[in-house]
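Structural overview
Residue-level listing of the chains:
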Amino acid sequence: MPSSPAPGGRGRRPVDRPPITPTGIVDAALRLTETDGLDAWSTRQLAAALEVWPRAVYHHVGDRDAVADAVADRVVSMIPLPPQELAWREWFSTLLLEGRPLLRRYRGVARRLVRIGPIIPSALTMMDRGILVLQQAGFAGGATAAYRYLTNSAFTLVMVEDDRAENLPEARVRLAGALAAHRDDPERRGLAAVGAAVTSRGTDDPEAIAALEDDFYAYTVERSLDGVAAVLGRPDRGGLPG
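Quick look at the structure, then.

About the criteria used
- Residues numbered from 1 in each chain as written.
- Predicted model: local features only at pLDDT ≥ 70, side-chain atom pairs only at ≥ 80, totals over all residues.
- Heavy atoms only, no water.
- Helix = DSSP H or I, 4+ residues; strand = E, 2+ residues; numbered from the N terminus.
- Buried < 20%, exposed > 50% of the residue type's maximum accessible area, 1.4 Å probe, protein only.
- Contact = heavy atoms within 4.5 Å.
- Areas by Shrake-Rupley, 256 points an atom, 1.4 Å probe, with all protein chains shown as cover.
- Salt bridge = Lys/Arg side-chain N within 4 Å of Asp/Glu carboxyl O.
- Expected span 1.5 Å × (residues − 1).
- Polar contact = N/O pair within 3.5 Å; in protein donor to acceptor, adjacent residues only side chain to side chain.
- Core = buried A, V, L, I, M, F, W, Y, C linked by side-chain atoms within 4.5 Å.
- Axes fitted to C-alpha atoms, helices over the stretch in contact; angles between N-to-C directions.
- Nonpolar A, V, L, I, M, F, W, Y, C, P; charged D, E, K, R; others polar.
- Phe/Tyr/Trp six-rings, centres within 6.5 Å; stacked < 30°, edge-to-face > 60°.
- Lys NZ or Arg CZ within 6 Å of the ring centre and 35° of its normal.

**A word on the overall build of the chain**
Along the chain, the regular secondary structure elements total eleven helices and zero strands. Secondary structure elements of the chain, listed N to C terminal, follow the sequence α-α-α-α-α-α-α-α-α-α-α. The 242 residues of the chain split such that 38% are buried. Considering only intrachain contacts with a sequence separation of at least 6, the fraction spanning at least 24 residues in the chain is 70%. As displayed, the chain has an accessible area near 13,000 Å², and 55% of this comes from carbon and sulfur atoms.

**Here's the deal with the pattern of salt bridges**
Counted by the stated rule, this structure contains 13 salt bridges. The closest approach of N and O atoms between E222 and R89, which form a salt bridge, is 3.2 Å. Separated by 133 residues along the polypeptide, E222 in helix 11 (residues 206-230) and R89 in helix 5 (residues 88-105) bring together distant segments of the chain. A residue is classified by how much of its surface remains accessible, and E222, at 26% relative accessible area, is partly exposed. Accessibility expressed as a relative area gives 27% for R89, which makes it partly exposed. Residues E213 and R164 are paired through a salt bridge, measuring 3.4 Å at the closest nitrogen-oxygen approach. Of the two residues, E213 is situated in helix 11 and R164 in helix 8 (residues 143-167); the sequence distance between them amounts to 49 residues. Taking the relative accessible area as the measure of exposure, R164 reaches 24% and is therefore partly exposed. Each of R100, R104, E161, D162 and D214 takes part in one network of salt bridges that share partners.

**As for helix 4 (residues 64-78)**
Along its 15 residues, helix 4 runs 21 Å from first to last C-alpha, staying within 8% of the 21 Å computed at 1.5 Å per residue. Regarding helix 4, the residues found buried are V67, A68, D69, V71, A72, V75 and V76. In the core, the buried residues of helix 4 are packed alongside helix 1 (22-36), helix 2 (43-50), helix 3 (54-60), helix 5, helix 6 (109-116) and helix 7 (121-137). Between a side-chain oxygen at the N-terminus of helix 4 and the backbone nitrogen of D65 the separation is 3.3 Å; the capping residue is D63.

**A word on the nonpolar core**
Formed by 54 residues in total, the largest nonpolar core has its most connected members in L46, V71, W88 and F92. Looking at this core element by element, the count peaks at nine residues for helix 8. If we skip the residues at most four places from it in the chain, F92 touches G130, V133, L134, Y147, L150 and L225.

**Focus: the packing of helix 4 against helix 7**
Relative orientation of the contacting elements helix 4 and helix 7 amounts to 35°, with a least axis distance of 7 Å. Of helix 7, the residues touching helix 4 (which contributes A72, D73, V76 and S77) are P121, S122, A123 and M126. Here the residues of the contact of helix 4 with helix 7 are counted per class, giving five nonpolar, two polar and one charged.

**Topic: unusual backbone geometry**
Located in the positive-phi region is E51, a residue other than glycine, with phi close to 60°. Look at E51 and you get partly exposed, because its relative accessible area is 22%.

**Focus: the side chain of S122**
Mapped onto the elements of the fold, S122 is located in helix 7. Of note is the side chain of S122, whose polar atom sits 2.7 Å from the side chain of D73. Excluding its chain neighbours within four sequence positions, the residues that come into contact with S122 are A72, D73, V76 and S77.

**Here we look at the packing of aromatic side chains**
If you walk through the whole model with that rule in mind, you get three aromatic pairs. Centre to centre, the rings of W88 and F139 are 5.2 Å apart; their planes meet at 80°, and the pair counts as edge-to-face. In this pair, W88 sits in helix 5 while F139 sits in the loop between helix 7 and helix 8, placing the two residues 51 residues apart along the sequence. Exposure class is identical for W88 and F139. Each is buried. Plain terms: the ring middles of F92 and Y147 are 5.9 Å apart, the flat faces sit at 65° to each other, and that makes the pair edge-to-face. Of the two residues, F92 is situated in helix 5 and Y147 in helix 8; the sequence distance between them amounts to 55 residues. The pair F92 / Y147 is uniform in exposure class, with both members buried. Grouping aromatic residues by their ring pairs yields a cluster made of W91, F92 and Y147. We note R100 situated over the ring of Y217; from NZ or CZ to the ring centre the distance is 5.0 Å.

Rendered as structure tokens:
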């Protein structure tokens, strides 16, 4: 019997290759996500990478949304959950700072996590642990709102970084240059201060610009923690009921 053509004009998947499995499909989708971003590849491209027909992907995992959910679940599961005995502030600082490099490595996962996090099993595990830490710290009914505020503040910033990297890759360099141009502006002393700070770090050095983004992300995490800490002693323990 002649071999059936595969997507892109390739022949049938060689018989000596391992059989297609859900894990293998997610592995391939993870590689495409690392290279191109979660929103950039299609089911057909994924099937071509596996040398199978798209229906094999549907059969083993589901439609593209199901595969994307599985990729997001895999990535989030890689984020190490801090020890439960840590103080709440250290727990969240560790989680959010260590989670960012993984989310940046797999662009688009942060967006999916912010938008549909509770659908992702590993995100539910993270939520369960985090809310428990907050409850134990005394946040009571406000633990859920505090958790959402902390994680959404951090992961939304990662989402913005992803969007900039994909759609405006030169935006940070242009922005740094525009701000640096105001460093000696006597009429806009606020902008002059920003321009001087940017100039001191470099305006066209990718590593320096990346360091600025690292610093701002860490600043955002710390100020978000400050905000949540400020309401810990209030009677409502965070303002919103669980």
